[in-house]
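# Understanding the architecture of this molecule
Next come the chains, spelled out residue by residue.
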Amino acid sequence: PVQAAAMAPVKFDDLPKLANEVLNDDFQVSGYVFKAKQKTGWGGAVLSTQVDLFKEDKCSTPAKLTWKLPAPFGFGFLCIDKLEMDKSGKYKLEASSDKAYPGLKLDCKTDLADVSKVSAGCTYTGLKDAQFKFECKATNPQDFMGEATYAKGITTCGLKFTPKLLSGGLPDVGLRILSGPFFCSLLAKEQLGSFNATAHYKASPDLRCAAACNYSKKGTNVTVGCTYKGLYKVKVSQDQVVSCSAKHSVAKGFTLLGGAQYVVPKGTFSYGLQLSIE
């Protein structure tokens, strides 16, 4: 029987997501950013704006505009997930449809400039506890990427492959285990030449701790961090970079996010601030 997409396991790149949320998300440690999101009455369309303030280039307030149109012009079978224009005038368009077949989602991506960069893909979640994704260039199907993930009990495993697989190359493989407050994951990439291990522990409803170890031919780097109530964060990496951040809700829909970073070997200090209105 066909299962709902909500039952599907995470995507391959999201296998270490629990730890990455603690170690990577919401660290505004340089620059000043203004973000705004406004939902409209036009078919549920959402407009997101991001402005990088006081940038050292010709445009002092470079902006990025992003539209999401769940039902463009009233056509419910198609969803424009992203229509974006950045500060340099370049575009991105991502559209999808989940109406073709139960459990199947079709998508297309383009920069609206170069036909050779148009990609088409699909995601299938019709098998219980499994998810399959495939994407290729529309004009060059040999340039493709595919992945599969499968969840069973506390374990989720996955693999990701590219055209190198056809010439004897190895796919990227991954595994994650989630049991109560404990979480860990392991990814092996680049023909088993690069490894990423993460661990996460929810010590209490308010306190989460995480660690990550990245190993490759370039070397090894370990990062540890924690977050309190999802509002205050600190992390320290093996290369002696210390980062911290704090989030404050001034009022409903009005949030301030500030952060700072100190690089010990260089003795450099940076800070940043982000204002979000939603």
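Up top is the structure.
## Brief notes about the overall build of the protein chain
On a plain count of helices and strands, the protein chain comes out with 1 helix and 19 strands. Taken over the C-alpha atoms alone, the protein chain extends approximately 55 × 45 × 35 Å along its principal axes. In the protein chain, buried positions account for 27% of the 278 residues. The contacts in the protein chain between residues at least 6 apart in sequence include a share of 27% that link residues at least 24 apart. Total accessible area on the protein chain is roughly 16800 Å²; 61% of this is exposed by carbon and sulfur atoms. Between the mean site of the 35 positive side-chain charges and the mean site of the 25 negative ones, the protein chain shows a separation of 3 Å.

## Notes on the layout of surface pockets
Here the largest pocket defines a volume of roughly 700 Å³. Around the largest pocket, the lining is made up of 33 residues, and of these Ser96, Lys105, Asp107, Thr123 and Lys133 lie nearest the centre. Within the residue set of the lining of the largest pocket, elements represented by two or more residues are β4 (79-85), β5 (91-101), β6 (104-110), β7 (119-124), β8 (130-137) and β9 (140-152). Of all the elements, β5 adds the most residues to the lining of the largest pocket, at 6 residues. Classifying every residue of the lining of the largest pocket gives 12 nonpolar, 8 polar and 13 charged. Volume-wise, the second largest pocket comes out at about 410 Å³. In terms of lining, the second largest pocket is formed by 18 residues, of which the most central are Lys35, Lys37, Ser48, Gln50 and Ser276. At the level of elements, β1 (31-39), β2 (46-53), β3 (63-69), β4, β18 (254-263) and β19 (268-277) are the ones that each hand at least two residues to the lining of the second largest pocket.

## Some remarks on the packing of aromatic side chains
The full count for this structure, using the stated rule, is 7 aromatic pairs. Between the aromatic rings of Phe195 and Tyr215, the centroid separation amounts to 6.4 Å while the plane-to-plane angle is 35°, which identifies the pairing as tilted. On the criterion of sequence distance, the pair formed by Phe195 in strand β13 (residues 194-202) and Tyr215 in strand β14 (residues 207-216) is long-range, its members being 20 residues apart. Residue class for Phe195 comes out partly exposed when judged on its relative accessible area of 31%. With relative accessibility at 43%, the residue Tyr215 sits in the partly exposed group. Judged by centre distance (6.1 Å) and plane angle (40°), the rings of Phe269 and Tyr271 are tilted. By relative accessible area, Phe269 is classed as exposed at 55%.

## Considering the environment of Lys252
Inspection of the secondary structure puts Lys252 in the loop between β17 (241-251) and β18. In this structure Lys252 comes out as exposed when scored by relative accessible area, which is 88%. Separated by 25 residues in the primary sequence, Lys252 and Ile277 have C-alpha atoms spaced 8.9 Å apart.

## Digging into the pairing of strand β10 (residues 155-161)
Here β10 shows a clear split, with Thr156, Gly158 and Lys160 buried on one side and none of Thr155, Cys157, Leu159 and Phe161 buried on the other. A loop of 2 residues connects β9 with β10, the two strands running antiparallel in sequence, and Gly153 in this loop sits at a positive phi of about 65°. Sheet analysis places β10 next to strand β11 (residues 172-179), joined by 6 bridges and oriented antiparallel. Of the residues in β11, the one forming a bridge with Leu159 is Val173.

## Some remarks on the pattern of salt bridges
For the coordinates displayed, the defined rule picks out 6 salt bridges. A salt bridge links Asp13 to Lys160, with the nearest nitrogen and oxygen atoms 3.0 Å apart. Of this pair, Asp13 sits in the segment before α1 (17-23) while Lys160 sits in strand β10, and the two are 147 residues apart along the sequence. We classify Lys160 as buried; its relative accessible area is 17%. The residue Lys99 makes a salt bridge to Asp98 at a minimum N-O spacing of 3.9 Å. Judged by relative accessible area, Lys99 falls into the exposed class, the value being 55%.

Rules used in this analysis
- Residues numbered from 1 in each chain as written.
- Predicted model: local features only at pLDDT ≥ 70, side-chain atom pairs only at ≥ 80, totals over all residues.
- Heavy atoms only, no water.
- Helix = DSSP H or I, 4+ residues; strand = E, 2+ residues; numbered from the N terminus.
- Buried < 20%, exposed > 50% of the residue type's maximum accessible area, 1.4 Å probe, protein only.
- Contact = heavy atoms within 4.5 Å.
- Areas by Shrake-Rupley, 256 points an atom, 1.4 Å probe, with all protein chains shown as cover.
- Lys, Arg positive; Asp, Glu negative; His and termini not counted.
- Charge placed at Lys NZ, Arg CZ, Asp CG, Glu CD.
- 1 Å grid on protein atoms, 1.4 Å probe; cavity = no way out; pocket = protein on both sides within 12 Å on 5 of 7 lines; lining within 4 Å.
- Points joined across faces, edges and corners; volume = space filled by probe spheres on them.
- Nonpolar A, V, L, I, M, F, W, Y, C, P; charged D, E, K, R; others polar.
- Phe/Tyr/Trp six-rings, centres within 6.5 Å; stacked < 30°, edge-to-face > 60°.
- Pairing = 2+ DSSP bridges.
- Salt bridge = Lys/Arg side-chain N within 4 Å of Asp/Glu carboxyl O.

Remember, this is a structural readout, not a statement about activity or role.
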